[in-house]
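# A closer look at the structure
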Amino acid sequence: MAPDATVAGPPAEAVAALADRVERAAARVDGRFLLGIAGSPGSGKTTLAAALVAELDARRPGAAAALPMDGFHLANATLDRLGRRDRKGALDTFDGWGFLALLRRVRTEEQHTVYAPSFRRVVDEGVAGEIAIEPAARVIVVEGNYLLVDDGPWALVRDALDEAWFCATSPQDREMRLIHRHTLGGRSVEAATAWAREVDGTNALLIDATRDRADAVVSGTTGAVLPD
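Think of each chain on its own: its residues are numbered from 1, step by step along the sequence as written. This being a predicted model, a pLDDT of at least 70 is required before a residue's local features are given, and a value of 80 or more before pairs of side-chain atoms are given or counted; all residues contribute to the totals for chains, interfaces and linings. Computation of side-chain values covers all heavy atoms of the structure but excludes hydrogens and water.

## Some details on the pairing of strand 6 (residues 163-168)
This is how the line gets drawn: Throughout this description, buried means an accessible area under 20% of the type-specific maximum (1.4 Å probe, protein chains only), exposed means over 50%, and partly exposed covers the range between. Each helix is a run of H or I in the DSSP string that is no shorter than four residues. Each strand is a run of E no shorter than two, and both are numbered from the N terminus. Any two strands with at least two DSSP bridges between them are considered paired.
Within strand 6, 6 of the 6 residues are buried, which leaves the element mostly enclosed by the surrounding structure. By the alternation rule, side chains of strand 6 split into Glu163, Trp165 and Cys167 and Ala164, Phe166 and Ala168, which are all buried. Pairing analysis gives 4 bridges linking strand 1 (residues 33-38) to strand 6, with the strands arranged parallel. Within strand 6, the position partnered with Leu35 by the bridge is Glu163. Note that strand 6 and strand 7 (residues 216-219) share 4 bridges and pair parallel. Within strand 7, the residue paired with Ala168 across the bridge is Ser219.

Rendered as C-alpha cells:
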C-alpha cells in the first residue's frame with residue numbers, strides 16, 4: 001500500500017537513525033533481513049515503512065523493499081459470503097496463512113523475483129502480484145496491523161521476522177487520521193467517525209495489546225525509539 005497522504009512522515013534525521021539501526025542488525029544476518037513494523041490503524045506504520053525503505057534505497061539502490069500485509073485482505077465478495085464485510089480490517093478478514101507462506105517464500109527464494117499482492121483503497125480490494133521483491137533486495141520491511149498477534153497463523157509470523165517494531169501514536173491522533181482517511185474514501189464525517197471508533201477502535205484494542213512482543217517501540221510521529 002502507498003504511504004497515507006494524511007500522515008506526515010517522521011523527520012529525515014530520525015529515519016536516518018532508524019536506517020542505521022536496521023543496517024547494523026542486517027549485517028549480523030546471513031541472507032535477507034526481515035523487519036516487521038506493526039501498529040494500529042492510523043498509527044503511521046505504512047508511512048514509516050515507506051520512509052525507511054526510501055532511506056535504505058538511497059544508500060544502496062535496490063537493497064530494500066516494502067511488503068505490506070494489507071494485500072492479504074479477503075476479497076469483498078468473500079467477506080460478503082462470510083458475513084464479515086461490515087468489519088473489514090478485523091483479524092479474521094485477512095488470509096493469515098497466505099501471508100505467512102509469502103514471508104517464508106521471501107526468506108528462502110532469493111534467486112528470482114517473488115511477487116506479492118498490494119491493496120488499493122480506491123477500489124477497496126487487493127491487487128494480485130503488484131509488488132515485486134527482486135533478488136537484489138536484502139532488507140524487507142514488512143508492515144501491518146497484526147504482525148505481533150499470538151493467535152492462529154499470526155502466532156508464527158513473529159518468528160518469520162528477524163526484528164519487529166511497534167509503531168505507536170496517541171489514540172487522538174490515530175482517530176483524527178482515520179476519520180480524514182475514511183472521508184477521503186467517500187464516507188460522510190458521521191460514518192467515518194463511527195467506523196474509526198467502532199471498527200478500527202475495536203481492532204486497535206487487540207493490536208495495542210501486542211506491543212510487548214516488539215523488539216522496539218517507535219513513534220509514528222517523530223520516529224524516535226520510545227522507552228518500553
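## A look at the packing of helix 1 (residues 12-26) against helix 2 (residues 45-59)
Condition: Only the contacting stretch of a helix is used when fitting its axis, a line to C-alpha atoms as for every element, and angles between N-to-C directions run 0 to 180 degrees. Working rule for angles: under 35 degrees goes down as roughly parallel, over 145 as roughly antiparallel, 65 to 115 as roughly perpendicular, anything else as oblique. The hand of a helix crossing depends on one turn: near helix anticlockwise from the far one by less than a right angle means left-handed, and clockwise means right-handed. Working rule for contacts: check all heavy atoms of both residues, and any pair within 4.5 Å makes them a contact. When residues are sorted by character, Ala, Val, Leu, Ile, Met, Phe, Trp, Tyr, Cys and Pro go into the nonpolar class, Asp, Glu, Lys and Arg into the charged class, and all the rest, Gly among them, into the polar class.
The geometry of helix 1 relative to helix 2 is characterised by a closest axis approach of 9 Å and an angle of 70 degrees between their N-to-C directions. With respect to helix 2, the element helix 1 is oriented roughly perpendicular. Crossing angle aside, the handedness with which helix 1 passes helix 2 is right-handed. Only Leu48, Ala51, Leu52, Glu55, Leu56 and Arg59 of helix 2 make contact with helix 1, whose side of the interface consists of Val15, Ala16, Leu18, Ala19, Asp20, Val22 and Glu23. In terms of residue class, the contact of helix 1 with helix 2 is built from 9 nonpolar, no polar and 4 charged.

## Details of the side chain of Arg32
Note the threshold: Pairs of N or O atoms within 3.5 Å make up the polar contacts considered here, provided that, within protein, one atom can donate a hydrogen while the other can accept it, and that residues adjacent in sequence are counted only when both atoms are side-chain atoms.
The residue Arg32 is located in the loop between helix 1 and strand 1 in this model. Polar contacts involving the side chain of Arg32 include one to the main-chain carbonyl oxygen of Glu109, which spans 3.4 Å. Here Arg32 is in contact with Val106, Arg107, Glu109, Glu110, Ile133, Glu134, Pro135, Ala137, Arg138, Ile140 and Asp162, once residues within four sequence places are set aside.

## Notes on the pattern of salt bridges
The following threshold applies: When a carboxyl oxygen of Asp or Glu lies within 4 Å of a side-chain nitrogen of Lys or Arg, that pair is called a salt bridge.
By the definition in use, this model includes 13 salt bridges. The shortest N-O distance in the salt bridge between Asp92 and Arg84 comes to 3.8 Å. Look at Asp92 and you get partly exposed, because its relative accessible area is 30%. Residue classification places Arg84 among the partly exposed positions, given a relative accessible area of 23%. One continuous salt-bridge network, built from bridges that share partners, spans Asp20, Glu23, Glu55 and Arg59.

## Topic: the side chain of Ser43
Counting through the fold element by element, Ser43 comes out in the loop between strand 1 and helix 2. You can call Ser43 buried: its relative accessible area is 1%. Once you skip the residues sitting within four places of it in the chain, Ser43 turns out to touch Cys167, Thr169, Arg174, Arg177 and Gly220.

Any functional reading would require information that these geometric values do not contain.
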